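A look at the structure
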Amino acid sequence: MDYLFFTLLAFVPLAIGAAVAGVSPVIVFFLSAFAIVPLAKYIGEATEELATRTTPAVGGLLNATFGNATELVIGVFALKAGFIEVVKASITGSIIGNLLFVLGFAMLAGGWSREKQIFNRTGILAQSSALFVATIAFVVPAIFFQTADAAAAPAVHSLSVLVSLVLICVYGASLLFSLHTHKHLYLEEAGGLGPRWSTTRALATLVVAMIAVACVSDILVDAIKPLVDRLGWSQLFVGAIFVAIVGNAAEHFSAIIVARKNHMDLALQISIGSATQIVLIVAPALVILGVFLGQPMDLIFNTFELVAMVLAVLIVNFVVQDGESNWLEGLQLLAAYAIMAIAFYLHP
Amino acid sequence: MDYLFFTLLAFVPLAIGAAVAGVSPVIVFFLSAFAIVPLAKYIGEATEELATRTTPAVGGLLNATFGNATELVIGVFALKAGFIEVVKASITGSIIGNLLFVLGFAMLAGGWSREKQIFNRTGILAQSSALFVATIAFVVPAIFFQTADAAAAPAVHSLSVLVSLVLICVYGASLLFSLHTHKHLYLEEAGGLGPRWSTTRALATLVVAMIAVACVSDILVDAIKPLVDRLGWSQLFVGAIFVAIVGNAAEHFSAIIVARKNHMDLALQISIGSATQIVLIVAPALVILGVFLGQPMDLIFNTFELVAMVLAVLIVNFVVQDGESNWLEGLQLLAAYAIMAIAFYLHP
Amino acid sequence: MDYLFFTLLAFVPLAIGAAVAGVSPVIVFFLSAFAIVPLAKYIGEATEELATRTTPAVGGLLNATFGNATELVIGVFALKAGFIEVVKASITGSIIGNLLFVLGFAMLAGGWSREKQIFNRTGILAQSSALFVATIAFVVPAIFFQTADAAAAPAVHSLSVLVSLVLICVYGASLLFSLHTHKHLYLEEAGGLGPRWSTTRALATLVVAMIAVACVSDILVDAIKPLVDRLGWSQLFVGAIFVAIVGNAAEHFSAIIVARKNHMDLALQISIGSATQIVLIVAPALVILGVFLGQPMDLIFNTFELVAMVLAVLIVNFVVQDGESNWLEGLQLLAAYAIMAIAFYLHP
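Residues numbered from 1 in each chain as written. Chains lettered and ligands numbered in written order. Predicted model: local features only at pLDDT ≥ 70, side-chain atom pairs only at ≥ 80, totals over all residues. Heavy atoms only, no water.

For the rest of this paragraph, the subject is the overall build of chain A. The secondary structure content of chain A amounts to 15 helices and two strands. The C-alpha atoms of chain A give 20 Å as radius of gyration, which agrees with the globular expectation for 348 residues (20 Å, within 12%). Considering only C-alpha atoms, chain A reaches an extent of 50 × 50 × 40 Å along its principal axes. A buried classification covers 59% of the 348 residues belonging to chain A. Summarising the internal contacts of chain A: among those between residues at least 6 apart in sequence, 86% fall at separations of at least 24. Only carbon and sulfur atoms are counted for the fraction: they give 69% of the accessible area of chain A, which is about 12800 Å². (Helix = DSSP H or I, 4+ residues; strand = E, 2+ residues; numbered from the N terminus. Rg over C-alpha atoms; globule rule 2.2 N^0.38 Å. Buried < 20%, exposed > 50% of the residue type's maximum accessible area, 1.4 Å probe, protein only. Contact = heavy atoms within 4.5 Å. Areas by Shrake-Rupley, 256 points an atom, 1.4 Å probe, with all protein chains shown as cover.)

The following block contains the structure:
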């Protein structure tokens, strides 16, 4: 697996070269998409290496901050370029992708040739219900927007900003919970194998990978507009399917690998936790950044995106209720993802 | 009980005679409705008889194929006659009828004079969450339709066809699950009492009952239009309440009888399983058949039908969470059904 | 705590005096709001005193009748004054307030400095799923209204009245359940400490407090219109946040106090039970009273209110699934409430 990611690094110079050479944007888009996958992986690894040589609290904070670095960096470049629809679509896609595609694949791969896989209901239920509560932060502004008249446009944007601040507070509280008041529940994970890299190597990897992700994200985002024009795909489809899968690729691999090893608890934590962080910190951070970048980013998703997200969250809440999974449940989640992806593709 | 169904067979010649004699369509409608009830019962019985003399896998396949034969036959005749609204309404009605009316009645009848009835939470939760995942196949096309403009009409129909194919694949996978990879979970049911009928009698019953159901369905469907005109009822009400109850009458009786005998697991399996099969195979099969019959059948239910179905599925998912039922829960489900039926009746 | 309520009684003469003296309606509104809080508390206490000296069945009936007396009295005065939007908003606010604000505060206060608080999953799940089933009585009329054309206005009102009658029947059935067929499940609560007041004192307190609540409610309702004009707040915000909090203040205190004492079962019963009674008896009673008062009160909530209520009910159903709570879950519920309150405030 490590070799695969190392090999994929070759896409970084390829993507940059292709962009400089002015190759077809379709090729540039897919080259830079592949290039982001190993970079996201190395950012994650470097963060964990740094985390092991600090206190659990600081390590947890590091993980929480850099765990979504890739999605955030792509989001910032898309926002700067004014692709607000793409940013929102990639948030939508990250949520349904983590909950349906990643989790479905993990349950299918993990449950194949096994009777069933069991996980700790109580812990997972707490996570999935927290995700549902967070998701209402997307529902309320959308309904507000639909029921308010045109004169209420400033109120709509204020609501998005205020809701974002509430979400960031909840995120802060959940860090306080996991790093302070209930840290004993999380200690086992922090253990790990101890550091393998030197601090210098970890820091250098983190810095270099972040710079590379920034460059490649810039290239990826620049290729979206011509790609959309050339292939006739919608921004919704490109953002929700391709950009979202790329931004979450590292989590995808991890979840499937641990599921095959029968660690369904961890697979569920990765996919549900990743979706929760998109809602609690990535989306609100992009709204707040939008204010500074002068881009009218808000939390008003269109009905289609909103329904897709709410359904995905509801599905996960119901599917985890019985505390066990099998390959058919995984296939059902993938079918739900396929139906949404087809609809995103056909949507005009 | 067997005598009741045998006596009801008298409605078959009555319905055919009344139709030939040109009696009032209101009378023809109700005569043919009553005639379908025993036929559905005998199709079910003959299928089970045939199933007991094959391997469990073939038997399961037979049950899966003929279990929804009645609904499918009625649906095909309504589709051929161009009553697409009635077809969709009867799909809606089959789902809310199985989940609220049948299950509510079973919980009320079974729970009456008992403190509570207990069932296997884990097994039922897996079924009810599978039903919820399947239901999103109806939600996504409807939202697509509402958010797309008129120019997207061809895309809307393509989406319905593609979603139907996904659903049929999931149905195939669930047969693979129950008949192959996890067949040991279902063995006990296949046991039964062994064959009571000869193979010839079972086959003959199946063929004759299928032909009779086809004739009577044709008569029933022909009576809908004049019935609607005469009584001022909406196609929605006729399809969702009357046609749906008739098509599922056999399941209704079975569920209530086993609930009275305190076999709540079986009662839940019948009602939830029947609703799931409507979503996974009856509805998509009718969409695909519509393509061949040249009828624009799709999966775009109106908002009212969609909300009724989603609410019914959510209600069942919540009600089964505690692993027990009592008469009050049954009454609550019946109240929910009554509210929907009143609304269907009043809807213009 | 008892002293606090006794002291708050001073607001009763203050509110009446201010209203008579013609002080600014903003001051009158807040004075009468504070005055209702202790009165609601004394009505509850007098009811319980009377209940302890009757049979459990009669006592249960007394509690069920007077438990919502305050909300009902405020609702009747608002209805008489024609503030139908305020009445509906206060119903909405009572439901989200009980489920998110009260329960959130109880979980936060109770969970603070505790690892977690445990409650009886099965019992609470039965209550929260019953609440969800009841809530569909608000969803169906709203969807009916949105999908029907203008010509269907009389049908819309008939539907509200019929649905209200169904709800009142379900309420009657749930009394039959708790007072007759399953009364042994509720006996422990009825026990208590035995009477502390004389019958005369309890009766006198009940009568005097009811009269005082009626007077102060009248004053409160009269102050709403000028308050709305003066402060520029919407009727939605005033009804859903202020009127609702005042009407439920007694439950708020009780739930938080028992949560601090680690009786989470009771805290959950108070908040979920209070919300259920709003749906099953307060709202339908106001619709039926509206017919007699000649006010077109119905069950058609606007989309925004409806979504807020359904989300609150879903959140509670998911949050209680794991049978335990902690301070972070409480904070999440409060965040959800804050998001809705901000949206109500900004809504034009």
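So that's the structure; there's more coming.
With that settled, the discussion passes to the packing of aromatic side chains. Taken as a whole and judged by the stated rule, the model has 54 aromatic pairs over all chains. Arranged with centres 5.9 Å apart and planes meeting at 70 degrees, the rings of A:Phe304 and B:Phe144 form a pair that is edge-to-face. You can see A:Phe304 sitting in helix 14 (residues 303-319) and its partner B:Phe144 sitting in helix 7 (residues 121-147), one on each of two chains. A relative accessible area of 5% means that A:Phe304 is categorised as buried. For B:Phe144, a relative accessible area of 0% translates into the label buried. Grouping aromatic residues by their ring pairs yields a cluster made of A:Phe29, A:Phe30, A:Trp233, A:Phe237, A:Phe242 and A:Tyr345. Seen from the ring of C:Trp197, C:Arg201 lies directly overhead, with NZ or CZ sitting 4.2 Å from the centre. (Phe/Tyr/Trp six-rings, centres within 6.5 Å; stacked < 30°, edge-to-face > 60°. Lys NZ or Arg CZ within 6 Å of the ring centre and 35° of its normal.)

Listed as interface residues are 37 residues of chain C and, on the opposing side, 29 residues of chain B. Together, the buried faces of chain C and chain B total about 2900 Å²; carbon and sulfur atoms form 82% of this surface. Among the residues of chain C in contact with chain B, C:Phe132, C:Val133 and C:Ile136 are the three that bury the most area, contributing 17% of the side total. If you look at where chain C meets chain B, you find zero salt bridges. Sorting the residues of the side of chain C that touches chain B by element identifies helix 7 (121-147), helix 8 (153-181) and helix 14 (303-319) of chain C as the ones contributing at least two each. When residues in the side of chain C that touches chain B are grouped by element, the largest group, 15 residues, is from helix 7 of chain C. (Buried area = accessible area lost by both parts, 1.4 Å probe. Salt bridge = Lys/Arg side-chain N within 4 Å of Asp/Glu carboxyl O.)

The final tally for this structure, using the stated rule, is 18 salt bridges over all chains. Here B:Asp229 ties to B:Lys225 by a salt bridge, and the two come within 3.2 Å at their closest N and O atoms. With B:Asp229 and B:Lys225 both in helix 10 (residues 199-231) and four residues apart, this pair spans about one turn of that helix. Residue B:Asp229 is classed as exposed on the basis of its relative accessible area of 52%. With relative accessibility at 40%, the residue B:Lys225 sits in the partly exposed group. Several salt bridges converge on common partners, so that one network encompasses A:Glu45, A:Glu49, A:Arg53 and A:Arg196.

Rotating chain C by 120 degrees about the axis while translating it 0.0 Å along that axis superimposes it on chain B, leaving an RMSD of 0.1 Å. Such a turn and shift between the copies fits a three-fold axis. Taking C-alpha positions as the reference, the residue of chain C nearest the rotation axis is C:Gln321, at 4.8 Å. Of the interface residues in chain C, just 11% have counterparts in chain B that sit at the interface too, so the contact is made through distinct surfaces. (Least-squares fit on C-alpha atoms with pLDDT ≥ 70 in both.)

Contacts between the two partners involve 37 residues from chain B and, on the opposite side, 29 residues from chain A. Between chain B and chain A, the buried area comes to about 2900 Å², and carbon and sulfur atoms account for 82% of it. In this structure, the connection of chain B to chain A is made through zero salt bridges. Across the chain B-chain A interface, the total number found is three residue pairs in polar contact (both at pLDDT 80 or more). Counting only elements with at least two residues in the side of chain B that touches chain A, the list comes to helix 7, helix 8 (153-181) and helix 14 (303-319) of chain B. (Polar contact = N/O pair within 3.5 Å; in protein donor to acceptor, adjacent residues only side chain to side chain.)

Confidence in the prediction for chain A averages 89 pLDDT; 97% of positions are at 70 or higher. Among the scores for the predicted complex, ipTM is 0.90 and pTM is 0.92. (pLDDT = per-residue confidence, 0-100.)

On the surface, a nonpolar cluster with roughly 210 Å² of combined accessible area is contributed by C:Leu162, C:Leu165 and C:Ile168. With respect to the helices and strands, C:Leu165 occurs in helix 8. (Patch = residues over 30% accessible without salt bridge, like charges linked within 9 Å, V, L, I, M, F, W, Y side chains within 5 Å.)

Between chain B and chain A, which share one sequence, the superposing operator has a rotation angle of 120 degrees and an axial displacement of 0.0 Å; the RMSD is 0.0 Å. When you check the interface residues of chain B against chain A, a mere 11% turn up at the interface there too, and the two sides of the contact use different surfaces.

Take the packing of helix 6 (residues 84-111) of chain A against helix 13 (residues 264-293) of chain A next. Residue and element names in this part refer to chain A. Two numbers describe how helix 6 lies on helix 13: the axes approach to 9 Å, and their chain directions differ by 175 degrees. Put simply, helix 6 runs roughly antiparallel to helix 13. For the pair formed by helix 6 and helix 13, the contact residues are Val 87, Ile 91, Ser 94, Ile 95, Asn 98, Leu 99, Val 102, Leu 103, Ala 106 and Met 107 on the first element and Met 264, Ala 267, Leu 268, Ser 271, Ile 272, Ser 274, Ala 275, Ile 278, Val 279, Ala 283 and Leu 286 on the second. For the contact of helix 6 with helix 13, the residue count by class is 17 nonpolar, four polar and no charged. (Axes fitted to C-alpha atoms, helices over the stretch in contact; angles between N-to-C directions. Parallel < 35°, antiparallel > 145°, perpendicular 65-115°, else oblique. Nonpolar A, V, L, I, M, F, W, Y, C, P; charged D, E, K, R; others polar.)

This part takes up helix 7 of chain C. Residues separated by three or four positions in an α-helix point in the same direction, a consequence of the helix having 3.6 residues per turn. Here helix 7 of chain C spans 38 Å end to end across 27 residues, near enough to the 39 Å set by a 1.5 Å rise per residue. Taking burial as the measure, the 27 residues of helix 7 of chain C include 20 buried ones, the bulk of the element. (Expected span 1.5 Å × (residues − 1).)

By the secondary structure assignment, B:Ile27 is in helix 3 (residues 25-52). Along the backbone, B:Ile27 and B:Leu227 are 200 residues apart, and their C-alpha atoms lie at a distance of 9.1 Å.

With that out of the way, let us pick up the side chain of C:Ser325. Tracing the chain through its elements places C:Ser325 in strand 2 (residues 324-325). The buried category is assigned to C:Ser325, whose relative accessible area is 1%.

What follows concerns the side chain of A:Lys88. All names here are of chain A. As for its position among the elements, Lys 88 is in helix 6. Lys 88 sits in the buried class, given a relative accessible area of 6%. Setting aside its immediate chain neighbours within four residues, Lys 88 contacts Met 297, Asp 298, Ile 300, Phe 301 and Glu 305.

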